[in-house]
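Observations on the three-dimensional arrangement
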Amino acid sequence: MSYIEAIVLGIVQGLTEFLPVSSSGHLLMLQHFFGIEADSVLIFTLLLHVGTLISVFFCYWRDIWELIKELGLTIADLVKGRGLRLKERPVRNLGVMMIIASIPTAIIGILFEDFFESFYTTLLPTGVGLIFTGFILWLSERKKDNHITEADMSFKQALVIGTMQGIAICPGVSRSGSTLFGGLESGLQRDFAVKFAFRISIPSILGSLIFEGGSDAMSSAVGTSMGPVIAGCIAAALSGVLAIKTMIAVVRKLSLRYFSIYVWIVGAALIVYTLLK
């Protein structure tokens, strides 16, 4: 893979990972229309997640540091027999909710891995996934009285959001869009919903890196040429920061339905293209 290909894929990965338009769908389109080998794209995309992780840590390093410190205090409370004290510690409650939300995502990913992988052989499922993404983004704008914050979030809401994140394993279904939809439908405050959607990407991305990192294909990909990989990760990190800041501004001031129109157009075009091919 050339440096130009790596940088282009990195930019696309970083932008579409956090904007609700599906990174998997856009990378599959690049693979198909530019003739890039499927195996190299899938492996390289996994490596680019390092870049997107960097962008999340860059934008939310204070929050992540607070979660790390709260973990130590939680262990101390448990050792002293004080219990979790979730209602008294909003940051602790947030950390527990992140763990709870990751459980259904992991279960869906493990149980239905082969089923989801079968969707990556043609662009038709990607087109359908983009149409689905458009609908949930459109529906997410219905609720205007959301008020739940990190102090009030419950197990039920975390499970709903985690399940939506698991569904986003399908190509064309946006992870950020699905988790944001799950958060808003569950009553999360808009600012908190987008922050939570980005925060739970951390265990999700780390899990995929750990789960796939031991494969022979991954080892061979890393061993061939690290230059394009590093360039792609840097591009993904920089574009990821831009996408996160853009998404925060959109959720605060604009409507997610603009993204609905975009993914509907692209999804419909893909479906027509696949059926007429």
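Structure: above.
Residues numbered from 1 in each chain as written. Predicted model: local features only at pLDDT ≥ 70, side-chain atom pairs only at ≥ 80, totals over all residues. Heavy atoms only, no water.

Structural notes on the packing of helix H2 (residues 23–33) against helix H14 (residues 257–276)
It is at 13 Å that the axes of H2 and H14 come closest, and there the two elements cross at 40°. Considering their axes alone, H2 and H14 lie oblique with respect to each other. Pair H2 / H14 crosses with left-handed handedness. Judged by residue contacts, His26, Met29, His32 and Phe33 of H2 engage Tyr262, Val266, Leu270 and Tyr273 from H14. A class-by-class count of the residues in the contact of H2 with H14 yields six nonpolar, two polar and no charged. (Axes fitted to C-alpha atoms, helices over the stretch in contact; angles between N-to-C directions. Helix = DSSP H or I, 4+ residues; strand = E, 2+ residues; numbered from the N terminus. Parallel < 35°, antiparallel > 145°, perpendicular 65-115°, else oblique. Left-handed = near helix turned anticlockwise from the far one by under 90°. Contact = heavy atoms within 4.5 Å. Nonpolar A, V, L, I, M, F, W, Y, C, P; charged D, E, K, R; others polar.)

Some thoughts on the pattern of salt bridges
For side chains bearing opposite charge, pairing can occur when the charged atoms are close. Taken as a whole, this structure holds 12 salt bridges when the rule is applied. Linking Arg175 and Glu17 is a salt bridge whose minimum nitrogen-to-oxygen distance equals 3.4 Å. Of the two residues, Arg175 sits in helix H9 (residues 175–185) while Glu17 sits in helix H1 (residues 3–18), which places them 158 residues apart along the sequence. By the burial criterion, Arg175 is buried, and Glu17 matches it. In this structure, the salt-bridge partner of Asp63 is Arg199, at a minimum N-O distance of 2.8 Å. You can see Asp63 sitting in helix H4 (residues 61–79) and its partner Arg199 sitting in helix H10 (residues 190–199), a full 136 residues away along the chain. Asp63 gets classed as partly exposed once you look at its relative accessible area, which sits at 26%. Judged by its relative accessible area of 5%, Arg199 falls in the buried class. (Salt bridge = Lys/Arg side-chain N within 4 Å of Asp/Glu carboxyl O. Buried < 20%, exposed > 50% of the residue type's maximum accessible area, 1.4 Å probe, protein only.)

Considerations on the packing of aromatic side chains
Scanning all chains against the criterion turns up 10 aromatic pairs. Relative to Tyr273, the ring of Phe33 has its centre 5.2 Å away and its plane inclined at 55°; by these criteria the two rings are tilted. With Phe33 in helix H2 and Tyr273 in helix H14, this residue pair connects regions lying 240 residues apart in the sequence. Centroid distance Phe115 to Phe116: 5.8 Å. Interplanar angle 55°. Geometry classified as tilted. (Phe/Tyr/Trp six-rings, centres within 6.5 Å; stacked < 30°, edge-to-face > 60°.)

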